[in-house]
Amino acid sequence: MPGPGRRQHGGFKPQNTGKTLGRLIKYLSCYRLQLITAAIFILISAAANVVGIYFLKPIINNYIVPFIGQKNPDLSGFIKMVMLLCLVYLTGVSGTYIYNRIMLNISTGTLKKLRVDMFTHMQSLPIKFFDTHTHGELMSRFTNDIDTLREMLSHGIPNLFQSSITVTGVFLMMLILSPLLTILVIFMLFLMFLTVRKIGGKSAMYFKKQQEEIGKVNGYIEEMIEGQKVVKVFNHENTVKERFEELNEQLRQASTSAHTFAGILMPIMGNLSYVQYAITAAAGAVMAVNGLIDLGTIGSFLQYTRSFSQPITQISQQMNSILNALAGAERIFQLLDTEPESDNGYVELVYASKDENGNIKESDTPTGIWAWKHPHSDGTVTYTELNGDVRFEDVTFGYEENKTVLKGISLYAKPGQKIAFVGSTGAGKTTITNLINRFYDVPDGKIRYDGININKIKKADLRRSLAMVLQDTHLFTGTVMDNIRYGRLDATDEECIEAAKLANAHSFIKHLPQGYNTIIHADGSNLSQGQKQLLAIARAAVANPPVLILDEATSSIDTRTEALIEKGMDTLMEGRTVFVIAHRLSTVRNANAIMVLENGEIIERGTHDDLIALKGKYYQLYTGMLELS
Ligand SMILES: Nc1ncnc2c1ncn2[C@@H]1O[C@H](COP(=O)(O)OP(=O)(O)O)[C@@H](O)[C@H]1O
Ligand SMILES: [Mg+2]
């Protein structure tokens, strides 16, 4: 089997061809004029082909045949005809060039729009969507699926259209030239079709087998590359080689069979079409001898038979690639149809000022004070100062239905307080923070922020009032400075450096080759895990929010550095409500309240001294009687 996230081409059939096609047409509808123009030029190109062949008849009948045996034939009419023929074909070539250009425009434009739509839509999707779709799966919509669509729009559809017109035109012309010979040709084509199907059918079977074998070989190679170290450690090199030899041999056999049939198909087709050509020519000759047909007609008819079978093969080939592309389009539309993250919030965060009586008024310019602007159904608007008071009331939550992760969590954090969560891996610590910033939603009224139900707060405004240092840090391609500034885009260089100093990141940044201008690439592969965490802390410091969430923010930082940044962290936490999840209990010692989580429940709570006196789980953790994750 091929590795996960890998997809074999051709194995997917669209589920709802009509609907997908309809939606694609909607995407193309802004190119209506261009499409019509392209269609006209396709028509011109196909017609030139059909008409050009017809020219053979008058050229042979009116000039070549009468000229036979003549000493000084008058070539002027003949030359005129040949020039005209050239003109027809030139028109055809121009038509082909123009429609290809137009289709290129249409396809690249449509694909650009689809990519923009997909990317934009992806930004609006809830975290839950990314939990349930692998990166490989999402990436393939932007790469494979878009590629097959490009192929279909720029080649598949115009070819199909042109081939259909050509086949129809050629068929009509053949009928006009000689109905009798046409019947003969159709009959022979039918025989050819049967032969091809017999051979082709077998071939398809072997090709499928070959695909399977390729998948097995590739999967095996991938697995062995990934597991290289394990293979070496346990001395399995020889067994691995033997197994590969086996799979490789099966692939060789399947390939041989597949290509034996595919290999004979083309020459057989070629030979058969010559046989058909010869038979048609002979039949035409017999008719000519009996005065049923003239030489010019035979000439152009024979030429028509040659351009009859080719577009038929084209059509069948294009159909396959179009079906493939529609399957891709369907997956693209599926992504576009995914329900975006819903946000019914209407409470906004605004600049505010306070008068001497403590009344809060909205302000247009930054004042250093923020307020929640809360419009009510009766038309009044109230303002509440942003303080960072967070309360949970009996919150029960699960990522999946009927699997609760948090059970009846109640807690409060008053402005400026530091609340710590400790507990083993999987206890639900990260989940609590995921709820505060509404990565996932809980039922109404369960979580309040400055007294406001967080479901009423606009997500963007809610998240603006919080800064998080996530458990897995992520850095973007760009300079160190850019990455710190990600916390607040209008921060000056000085503010960013100040934040880096606070997080104790300044000293290592100084030693980077270009200091703050060092480019970070591929998610910070040129930095250590701990250095990345320091940058993430600096990023949160720049954001300067009233509420700070630190999820194991210092887990990869050595104890010595942690001790160094402790002072910076204390400054960072000053005056803010902080939720801190910590790996090392030394970090949480001075918290206002420590919550010990176990299986989604708070089993102990209190200050460090309270909990030590309690001699419960925290005491065990603290004194090292229990391992902490
Ligand atoms: N995105 C998710 N989808 C489903 N289950 C999850 C998801 N994230 C975490 N869980 C589950 O929720 C539980 C709590 O996880 P988490 O809050 O990350 O624990 P921790 O205390 O280690 O931070 C775990 O059992 C975990 O398997
Ligand atoms: Mg966690």
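For clarity, every value in this text was computed on a predicted model and none was experimentally measured.

A closer look at helix α3 (residues 56–67)
Along α3, the residues classified as buried are P58, I59, I60, Y63 and F67. G69 sits one or two residues past α3 and shows a positive phi near 85 degrees.

Things to note about the sheet that holds strand β7 (residues 418–422)
Spatially, the 6 strands line up as an open sheet ordered β10-β13-β14-β7-β15-β16, and their pairing is mixed. The open sheet has two edge strands with one neighbour each: β10 (466–469) and β16 (601–606). The average angle at which neighbouring strand axes cross in this sheet is 15 degrees, direction not considered. Looking at chain direction, β10 and strand β13 (residues 547–551) are connected through 4 bridges and run parallel. Bridge pairing in β13 links L466 to V547. Its contacts with the sheet place helix α17 (residues 559–573) against β7, β13 and β14 (577–581), and it is angled at close to 145 degrees to β13.

Some thoughts on empty space enclosed by the protein
Here the idea is plain: a probe the size of a water molecule rolls over the atoms and shows the empty space left. Within the structure shown, the criterion is met by 1 cavity of 30 Å³ or more. A volume near 50 Å³ is recorded for the largest cavity. For the largest cavity, the full set of lining residues is L550, E552, A553, T554, S555, M569, V580, I581, A582, H583 and T587. For the lining of the largest cavity, the per-class residue count stands at 6 nonpolar, 4 polar and 1 charged.

Here we look at the pattern of salt bridges
Under the counting rule described, the total for this entry stands at 22 salt bridges. A salt bridge links R23 to D337; the nearest nitrogen and oxygen atoms lie 2.8 Å apart. Linking R23 in helix α1 (residues 17–28) with D337 in helix α10 (residues 295–337), this pair joins segments that are 314 residues apart in sequence. Given a relative accessible area of 24%, R23 falls into the partly exposed group. In this structure, the salt-bridge partner of D117 is K113, at a minimum N-O distance of 3.4 Å. With D117 and K113 both in helix α4 (residues 76–123) and 4 residues apart, this pair spans about one turn of that helix. Residue classification places K113 among the partly exposed residues on the basis of a relative accessible area of 39%. Three or more residues joined by partner-sharing salt bridges are found here, namely E341, D343, R438, D441, K459 and R463.

Focus: the site of ligand 1
For ligand 1, the set of nearby residues contains 13 residues, the closest of which are D131, G426, K429, T430 and T431. K429 places a main-chain nitrogen or oxygen 2.8 Å from an oxygen atom of ligand 1. T431 is positioned with one of its side-chain polar atoms (N or O) 2.4 Å from an oxygen atom of ligand 1. Burial of ligand 1 by the protein chains amounts to 68% of its free accessible area of 560 Å². Counting residues per element, the shell around ligand 1 draws most heavily on helix α11 (residues 429–436), at 3 residues. In terms of residue class, the shell around ligand 1 is built from 4 nonpolar, 6 polar and 3 charged.

Some remarks on a nonpolar patch on the surface
On the surface, a nonpolar cluster with roughly 510 Å² of combined accessible area is contributed by F187, F190, L191, F193 and L194. Along the polypeptide, L191 turns up in helix α7 (residues 179–226).

Let's talk about the packing of helix α2 (residues 32–54) against α4
Orientation of α2 relative to α4, taken along the N-to-C sense of each, is 155 degrees, at an axis distance of 8 Å. Relative to α4, the element α2 is oriented roughly antiparallel. Like other packed secondary-structure pairs, α2 and α4 cross with a definite hand, here left-handed. Split into classes, the residues belonging to the contact of α2 with α4 amount to 16 nonpolar, 10 polar and no charged.

Concerning the packing of aromatic side chains
For the structure on display, the rule yields 13 aromatic pairs. R306 extends its terminal NZ or CZ atom over the ring of Y277, reaching a point 5.3 Å from the ring centre.

What to know about the nonpolar core
By size, the foremost hydrophobic cluster in this structure holds 47 residues, and its most contacted members are I484, I509, L535 and L550. Ranked by residue count, the leading element in this core is helix α16 (residues 529–543), at 8 residues. Leaving out residues up to four positions away in the same chain, I484 has contacts with C496, A500, I509, Y516, L535, A538, R539 and V542. Ranked by size, the runner-up nonpolar core spans 35 residues in total, among them F392, F397, L406 and I409.

A word on the pairing of strand β5 (residues 390–397)
With 5 bridges joining them, β5 and strand β6 (residues 406–413) adopt antiparallel strand pairing. Bridging from a neighbouring strand, V395 pairs with I409 of β6. As defined by bridge partners, β5 adjoins strand β8 (residues 447–449) across 3 bridges and the pair is classed as antiparallel. Looking across to β8, one finds that F392 is bridged to I447.

Some points on the domain arrangement of the protein
Domain annotation of the protein identifies domain 1 (9–176 + 317–341), domain 2 (179–292), domain 3 (348–385) and domain 4 (390–622). Relative placement of domain 3 and domain 4: their C-alpha centres are 27 Å apart. Taken residue by residue, the interface counts 7 residues in domain 3 and 10 residues in domain 4. Overall, the association of domain 3 and domain 4 removes approximately 730 Å² of surface from exposure, summing both partners, and the carbon and sulfur fraction of that is 64%. The partner of E348 in a salt bridge is K458, and the shortest N-O contact between them spans 3.7 Å. For the pair domain 3 and domain 4, the number of links is 2 residue pairs in polar contact (both at pLDDT 80 or more). Counting residues per element, the ones that place at least two in the side of domain 3 that touches domain 4 are β1 (348–354), β3 (369–375) and β4 (381–385). Of the residues that constitute the side of domain 3 that touches domain 4, the class distribution is 3 nonpolar, 2 polar and 2 charged.

Observations concerning the pairing of β14
Within β14, 5 of the 5 residues are buried, which leaves it mostly tucked inside the rest of the structure. On β14, burial covers both faces: T577, F579 and I581 on one face and V578 and V580 on the other are all buried. With 4 bridges connecting them, β7 and β14 associate as parallel partners. Paired with I419 across the two strands is F579, which belongs to β14. Sheet topology note: the β13/β14 ladder contains 5 bridges and is parallel. By the bridge assignment for β14, L548 is matched with V578.

About the thresholds
Residues numbered from 1 in each chain as written. Chains lettered and ligands numbered in written order. Predicted model: local features only at pLDDT ≥ 70, side-chain atom pairs only at ≥ 80, totals over all residues. Heavy atoms only, no water. Buried < 20%, exposed > 50% of the residue type's maximum accessible area, 1.4 Å probe, protein only. Helix = DSSP H or I, 4+ residues; strand = E, 2+ residues; numbered from the N terminus. Pairing = 2+ DSSP bridges. Axes fitted to C-alpha atoms, helices over the stretch in contact; angles between N-to-C directions. Contact = heavy atoms within 4.5 Å. 1 Å grid on protein atoms, 1.4 Å probe; cavity = no way out; pocket = protein on both sides within 12 Å on 5 of 7 lines; lining within 4 Å. Points joined across faces, edges and corners; volume = space filled by probe spheres on them. Nonpolar A, V, L, I, M, F, W, Y, C, P; charged D, E, K, R; others polar. Salt bridge = Lys/Arg side-chain N within 4 Å of Asp/Glu carboxyl O. Near = heavy atom within 4 Å. Polar contact = N/O pair within 3.5 Å; in protein donor to acceptor, adjacent residues only side chain to side chain. Areas by Shrake-Rupley, 256 points an atom, 1.4 Å probe, with all protein chains shown as cover. Patch = residues over 30% accessible without salt bridge, like charges linked within 9 Å, V, L, I, M, F, W, Y side chains within 5 Å. Parallel < 35°, antiparallel > 145°, perpendicular 65-115°, else oblique. Left-handed = near helix turned anticlockwise from the far one by under 90°. Phe/Tyr/Trp six-rings, centres within 6.5 Å; stacked < 30°, edge-to-face > 60°. Lys NZ or Arg CZ within 6 Å of the ring centre and 35° of its normal. Core = buried A, V, L, I, M, F, W, Y, C linked by side-chain atoms within 4.5 Å. Domains from an automatic or database assignment. Buried area = accessible area lost by both parts, 1.4 Å probe.

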